[in-house]
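# Understanding the architecture of this molecule
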Amino acid sequence: SHLLAGRATALVVNAANKIDSLSLEQLESIWSGEADDWSVIDGTGLTPPDWPLPGTKGPTAIPVHRYGLRKNERATEVFERARPARAKNGRMAFLPSTEEVVASVGVDPYAIGFVDLAAIPKTGQTIKVIGIIGTKNNAGGDGQKPEVIYPSAATIRDGTYPFAERVFLFVHPKASEAAKGFAEFLASESLEQAYHSHG
């Protein structure tokens, strides 16, 4: 078998948000609506809005605005498959394309969204891709160590980035050497080319 291609769903926030990563637990709390206030996440640097929230006398919270792709998008399927069973979404806006999610998050300092990594416009954006706090094998140490994992060709390939899927090419053991060589060539080129600009 050869890893032929991969697809990753990226998590993006506005550039004004100072966080660079979230744990899966933090992300699920935000996405489910359990955490509806950015102040429960350390390090965002965000302040309450100048306008009062409904039912309050003033801006007492830092709201979380969620954006995502519609259910028929492959990136949505990849994202939802990695979440806990029966997970629910908090109130959010579903948009038809990565470009529209990126544009919405880019003008909203309180926003977080999920998008197709490969479809993020390369220039002119005021968003950033955040990493997931996970563990990777520590070859020179004692097993596992915490590490911020970003979506890239490497983390898709090794399976450490959770919101990704991989496509494999299988070659019969008795195939010709030419066929085996061609499969190896395809596998070595395709994934790097697909995600090089976002790695």
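Quantities reported herein were computed from a predicted structural model and do not represent experimental measurements. (Residues numbered from 1 in each chain as written. Predicted model: local features only at pLDDT ≥ 70, side-chain atom pairs only at ≥ 80, totals over all residues. Heavy atoms only, no water.)

### A closer look at the overall build of the chain
- Counting its secondary structure elements, the chain contains five helices and eight strands.
- Looking at the 199 residues of the chain, the share that counts as buried comes to 41%.
- Surface exposure of the chain reaches about 10900 Å², of which carbon and sulfur atoms provide 53%. (Helix = DSSP H or I, 4+ residues; strand = E, 2+ residues; numbered from the N terminus. Buried < 20%, exposed > 50% of the residue type's maximum accessible area, 1.4 Å probe, protein only. Areas by Shrake-Rupley, 256 points an atom, 1.4 Å probe, with all protein chains shown as cover.)

### Some words on the confidence of the model for the chain
- Predicted confidence across the chain gives a mean pLDDT of 81, with 73% of residues reaching 70 or more.
- Below a pLDDT of 50 lies the segment residues 193-199, which in the model reaches 14 contacts outside its immediate sequence neighbourhood of four places, other chains included. (pLDDT = per-residue confidence, 0-100. Contact = heavy atoms within 4.5 Å.)

### Section: the side chain of Thr-9
- In this structure, Thr-9 sits in strand 1 (residues 2-14).
- A relative accessible area of 0% places Thr-9 in the buried class.
- Within the local environment of Thr-9, its side chain forms a polar contact with the backbone oxygen of Ala-75, the two atoms lying 2.7 Å apart.
- Discounting residues that sit within four places of it in the chain, Thr-9 has contacts with Ala-75, Val-78, Phe-79, Phe-114, Val-115, Tyr-161 and Phe-163. (Polar contact = N/O pair within 3.5 Å; in protein donor to acceptor, adjacent residues only side chain to side chain.)

### Overview of the packing of aromatic side chains
- Scanning all chains against the criterion turns up five aromatic pairs.
- Considering the side-chain rings of Trp-31 and Phe-114, the 5.7 Å spacing of their centres and the 55 degrees angle between planes classify their relative orientation as tilted. Taken together, the residues span a long stretch of sequence, with Trp-31 in helix 1 (residues 24-32) and Phe-114 in strand 5 (residues 111-116) at a distance of 83 residues. Here Trp-31 and Phe-114 have matching classes, each one buried.
- Arranged with centres 4.5 Å apart and planes meeting at 20 degrees, the rings of Phe-79 and Phe-114 form a pair that is stacked. Highlighted residues: Phe-79 in helix 2 (residues 74-81) and Phe-114 in strand 5, separated in sequence by 35 residues. When sorted by exposure, Phe-79 lands in the same class as Phe-114, which is buried.
- Connected via pairs of aromatic rings, a cluster forms that spans Trp-31, Phe-79, Phe-114, Tyr-161 and Phe-163. (Phe/Tyr/Trp six-rings, centres within 6.5 Å; stacked < 30°, edge-to-face > 60°.)

### Quick look at the environment of Asp-116
- Here Asp-116 shows up in strand 5.
- Beyond its immediate chain neighbours, meaning those up to four positions away, Asp-116 contacts Arg-7, Ala-8, Leu-69, Ala-75 and Thr-98.
- A polar atom in the side chain of Asp-116 sits 3.1 Å from the backbone nitrogen of Ala-118.

### Quick notes on the pairing of strand 5
- Of all six residues that make up strand 5, six are buried, and the element is covered over most of its length.
- Here strand 3 (residues 65-69) pairs with strand 5 via three bridges, running parallel. The residue of strand 5 that forms the bridge with His-65 is Ala-111. (Pairing = 2+ DSSP bridges.)

### What to know about the nonpolar core
- By size, the foremost hydrophobic cluster in this structure holds 39 residues, and its most contacted members are Leu-11, Leu-27, Trp-38 and Ile-112.
- Among the elements of the structure, strand 1, helix 1, strand 3, helix 2, strand 4 (92-95), helix 3 (98-106), strand 5 and strand 6 (127-138) are those that each provide at least two residues to this core.
- Look past the residues within four positions of Leu-27 in its chain and what remains in contact with it is Leu-11, Leu-22, Phe-79, Ile-112, Ile-132 and Phe-163. (Core = buried A, V, L, I, M, F, W, Y, C linked by side-chain atoms within 4.5 Å.)

### Topic: a nonpolar patch on the surface
- The grouping of Ile-133, Val-148 and Tyr-150 at the surface amounts to a nonpolar patch, some 220 Å² of accessible area in total.
- One can find Val-148 in strand 7 (residues 143-149). (Patch = residues over 30% accessible without salt bridge, like charges linked within 9 Å, V, L, I, M, F, W, Y side chains within 5 Å. Salt bridge = Lys/Arg side-chain N within 4 Å of Asp/Glu carboxyl O.)

### Some details on the pattern of salt bridges
- Throughout the structure, instances matching the rule amount to nine salt bridges.
- The closest approach of N and O atoms between Arg-83 and Glu-28, which form a salt bridge, is 2.8 Å. Residue Arg-83 is located in the loop between helix 2 and strand 4, and its partner Glu-28 is located in helix 1; the two are separated by 55 residues in the primary sequence. Neither residue differs from the other here; Arg-83 and Glu-28 are each classed as buried.
- The salt bridge involving Arg-74 is made with Glu-77; its shortest N-O contact spans 2.4 Å. One end of the pair is Arg-74 and the other is Glu-77, both in helix 2 and three residues apart, which spans about a single turn.
- Accessibility expressed as a relative area gives 32% for Glu-77, which makes it partly exposed.

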